[in-house]
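Coordinate analysis (summary)
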Amino acid sequence: MTYDCQSCGACCASPFDAEGYIPVQPDEEAHLSRLGLPVLEIVAAPPEDRLVLLGTRINTQRRRVCAAFSGSIGSRCTCTIYQDRPTSCRQFEAGSAECLQARRASGIAC
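These remarks concern the structure in this document. (Residues numbered from 1 in each chain as written. Predicted model: local features only at pLDDT ≥ 70, side-chain atom pairs only at ≥ 80, totals over all residues. Heavy atoms only, no water.)

**Here's the deal with the overall build of the protein**
Across its full length, the protein holds 3 helices and 7 strands. When the helices and strands of the protein are read in sequence order from the N terminus, they spell out β-α-β-β-β-β-β-β-α-α. For 110 residues, the compact-globule estimate of 2.2 N^0.38 gives 13 Å, and the C-alpha radius of gyration of the protein, at 14 Å, lies within 12% of that figure. With the principal axes as the frame, the protein shows a C-alpha extent of 45 × 25 × 25 Å. The 110 residues of the protein split such that 35% are buried. Of all intrachain contacts in the protein linking residues separated by at least 6 positions in sequence, the fraction that spans at least 24 positions is 56%. Total accessible area computed for the protein in this model is approximately 6,700 Å², and 52% of it derives from carbon and sulfur atoms. Looking at charge distribution, the protein has the averaged site of its 11 positive side-chain charges lying 11 Å from that of its 12 negative ones. (Helix = DSSP H or I, 4+ residues; strand = E, 2+ residues; numbered from the N terminus. Rg over C-alpha atoms; globule rule 2.2 N^0.38 Å. Buried < 20%, exposed > 50% of the residue type's maximum accessible area, 1.4 Å probe, protein only. Contact = heavy atoms within 4.5 Å. Areas by Shrake-Rupley, 256 points an atom, 1.4 Å probe, with all protein chains shown as cover. Lys, Arg positive; Asp, Glu negative; His and termini not counted. Charge placed at Lys NZ, Arg CZ, Asp CG, Glu CD.)

Written as structure tokens, this is what we have:
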């Protein structure tokens, strides 16, 4: 089966109710902030266990999605920062086990 990411978007939908779910590499933090995206920092003890996350927002479907997501989950959608997307997004593979899990969680056929 071929997976069309621009008619899905399930990987951009957060399975959590809280803010921030996309891990960001430390070197991506400043760039994403300059793009106007909400970048959240969680400082743990010890401080080198610091975690940086790309924030989320509520979309028109009342779903928590990546702040850079545009469109609707399960129909036409896009990443507004595709060329600048975080490493974790670049590593996500269409059709992978994680993809299929995200699709199921969003109610999209696999």
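**Some details on the sheet that holds strand β2 (residues 39–42)**
One key point about sheets: their strands pair by backbone hydrogen bonds, in either a parallel or an antiparallel sense. One open sheet holds the 3 strands; their spatial order is β1-β3-β2, and the pairing between them is antiparallel. A single partner strand is all that each edge strand has here, and the edge strands are β1 (22–23) and β2. Examined bridge by bridge, β2 and strand β3 (residues 51–54) share 4 bridges and lie antiparallel to one another. Each bridged residue has a counterpart across the sheet, and for V39 the counterpart in β3 is L54. (Pairing = 2+ DSSP bridges.)

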